[in-house]
Amino acid sequence: MQDNRRYYSLDALRGIMMMLGIVLHASQWYVTEPPGGLPMPLDDSRSYLFDIIMHFIHSFRMPLFFVLAGFFTSLLVGKRSFRGTYINRLQRILVPLLLAIVTILPLTLVFMVSFMASARFGTQQFLITESQLKIISTEMNAAGMPTDQPSLGHLWFLYYLLYFYLLIPLCFIVSRWTTKLNLGRIVTSPLFCALLGAYTVFTLWFFRGGVLFEGFIFIKPHPPSLLYYGSFFFLGYLFHSHRGILDTFRNYLGWFAAASLLLFPLAMYFTHMDFATEETQQFHGPAVIANAFLTWALIYFFMGLFLKYLDFQSPWILYVSNSSYWVYLLHMPVVCCIAWLVLPLALPALIKFLTIVVCTAAVCFVSYHYLVQNSWLGATLSGKKFNSLWPWQEKHR
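Described in the following lines is the structure provided in the data block. (Residues numbered from 1 in each chain as written. Predicted model: local features only at pLDDT ≥ 70, side-chain atom pairs only at ≥ 80, totals over all residues. Heavy atoms only, no water.)

Secondary structure summary: the chain contains 17 helices and 0 strands in total. The dimensions of the chain, computed from C-alpha atoms along their principal axes, are 60 × 55 × 40 Å. Each of the 397 residues in the chain was classed as buried or not, and the buried ones make up 55%. Restricting the contact set of the chain to residue pairs at least 6 apart, pairs at least 24 apart contribute 78%. In the chain, 25 positive and 16 negative side-chain charges are present, and the distance between their average locations comes to 17 Å. (Helix = DSSP H or I, 4+ residues; strand = E, 2+ residues; numbered from the N terminus. Buried < 20%, exposed > 50% of the residue type's maximum accessible area, 1.4 Å probe, protein only. Contact = heavy atoms within 4.5 Å. Lys, Arg positive; Asp, Glu negative; His and termini not counted. Charge placed at Lys NZ, Arg CZ, Asp CG, Glu CD.)

Structure (structure tokens):
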């Protein structure tokens, strides 16, 4: 049955998940130590606050994004059929990916290596010398980060979506099958969250610390990452066929909040201990279990939170939804550039972090508002051109 509902809350949630990339990537320079699988030079100004922020956001942001991607893909199939869906996805995912690879990605790499060279060698330099590159590459390889593979950087999620869209026929068949077998009572039960957590233990087992900081950013497909993130896409598609689960998210919001509060400190502790005792792996099981169940508790919590309190039409929600794609694409070179500029300044980590977040948000939103939304690029990203006012101006129209 075709679903004509406009999910304002889930539109907003999807946009917020993309925009949280600014916060996540701004925080990565100021953690007390780089996470395993992502070794890199850091700013000398550091705070454990950013270890907490980074672990928290990373534990749910991209899994939740892929759940929403699967959910909205099912909705799109119902409206446009397989053929229409694939045409739409090629236009709005493949074309922006190819454009970003030749424009935004090179800028990102330039400012990222400039930051890394400056942080590693105590200089303030633009670009990196061959000898410096060799030293950093050797150190990163020794820490488990391959440097001989071409990377897509923050564009990797678009690349993975193209793989996941190949699953659409399978998702469609399984969704119809679960509907015919009347499995809706199982899917919509709050206990289904625990079942999903148990399954995710399996897909997360391959990753050090029970967290994903390795493998997925490269052009060469990484099967464990594809399985992990693809599972969320598949389940999101399934959720749309059993939309009673949306009531479960809302009705048990407090329970999922409590579970998240309990699991988050456990997940952080066991992840730290798993990296600290990597040779024995005595904490790997607890780390994987805590992080797997935390991810699903947070997915259920945030979907319930937005469905309960933000499921209405609003100029703010519309603006966030329309601008988030561009904001995500552009934010990474801006984050790296500002992080490089403030690197030599003797300022607390929090001040540097806030400077990066505010300046990056300003650049991204202003460029979207005046240059992108009413252009061919805006039409490519959003499906049509917009000429929106700022959200606070819409109220006074």
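Okay, the packing of helix α12 (residues 253-276) against helix α13 (residues 284-309) next. The relative placement of two packed helices is expressed as an angle between their axes plus a distance between the axes. Packing of α12 against α13 brings their axes to within 7 Å, and their N-to-C directions diverge by 150 degrees. In this view, α12 runs roughly antiparallel relative to α13, as classed from their interaxial angle. Note on packing geometry: the crossing formed by α12 with α13 is left-handed. Split by residue class, the contact of α12 with α13 holds 20 nonpolar, 5 polar and 2 charged. (Axes fitted to C-alpha atoms, helices over the stretch in contact; angles between N-to-C directions. Parallel < 35°, antiparallel > 145°, perpendicular 65-115°, else oblique. Left-handed = near helix turned anticlockwise from the far one by under 90°. Nonpolar A, V, L, I, M, F, W, Y, C, P; charged D, E, K, R; others polar.)

What follows is about helix α3 (residues 61-102). Spanning 42 residues, α3 covers only 26 Å between terminal C-alpha atoms, well under the ideal 62 Å at 1.5 Å per step. Ser81 marks where α3 bends most, by close to 115 degrees. (Expected span 1.5 Å × (residues − 1). Bend = angle between axes of the 7 residues up to and from the residue.)

On to the packing of aromatic side chains, then. Both the distance between ring centres and the angle between the ring planes are used here to describe each pair of aromatic rings. In this structure the tally under the stated criterion is 47 aromatic pairs. Taking 5.2 Å as the distance between ring centres and 5 degrees as the angle between the ring planes, the aromatic pair formed by Trp390 and Trp392 counts as stacked. Classification of Trp392 as partly exposed rests on a relative accessible area of 45%. Its guanidinium or amino end placed over the ring of Phe72, Arg14 lies 4.1 Å from that ring's centre, counting from NZ or CZ. (Phe/Tyr/Trp six-rings, centres within 6.5 Å; stacked < 30°, edge-to-face > 60°. Lys NZ or Arg CZ within 6 Å of the ring centre and 35° of its normal.)

Attention shifts here to the pattern of salt bridges. Scanning the model with the defined rule gives 6 salt bridges in all. A salt bridge links Asp11 to Arg14; the nearest nitrogen and oxygen atoms lie 3.0 Å apart. With a gap of 3 residues between them, Asp11 and Arg14 both fall in helix α1 (residues 8-27), about one helical turn apart. When its relative accessible area of 6% is taken as the criterion, Asp11 is described as buried. Given the relative accessible area of 26%, Arg14 is considered partly exposed. Each of Arg6, Asp11 and Arg14 takes part in a single network of salt bridges with overlapping partners. (Salt bridge = Lys/Arg side-chain N within 4 Å of Asp/Glu carboxyl O.)

Core analysis: the largest hydrophobic core is formed by 136 residues, its most contacted members being Phe66, Phe157, Tyr229, Phe239, Trp296 and Tyr300. Here the element with the most residues in this core is helix α14 (residues 315-342); it accounts for 18 residues. Here Trp296 is in contact with Val67, Cys193, Leu196, Gly197, Thr200, Phe232, Leu235 and Phe239, once residues within four sequence places are set aside. (Core = buried A, V, L, I, M, F, W, Y, C linked by side-chain atoms within 4.5 Å.)

For the rest of this paragraph, the subject is unusual backbone geometry. Note on backbone geometry: most residues besides glycine have negative phi, and most peptide bonds are trans. Although it is not a glycine, Asn182 adopts a positive phi angle of roughly 55 degrees. Looking at the element boundaries, Asn182 is found in the loop between α7 (168-180) and α8 (184-187). A positive phi is found at Gln281, a non-glycine position, where the angle reads about 55 degrees. Following the sequence through the fold, Gln281 ends up in the loop between α12 and α13.

This part covers a nonpolar patch on the surface. The grouping of Tyr199, Phe202, Trp205, Phe206 and Leu227 at the surface amounts to a nonpolar patch, some 510 Å² of accessible area in total. By the secondary structure assignment, Tyr199 is in helix α9 (residues 192-204). Note on Tyr199: relative accessible area 34%, which makes it partly exposed. (Patch = residues over 30% accessible without salt bridge, like charges linked within 9 Å, V, L, I, M, F, W, Y side chains within 5 Å. Areas by Shrake-Rupley, 256 points an atom, 1.4 Å probe, with all protein chains shown as cover.)

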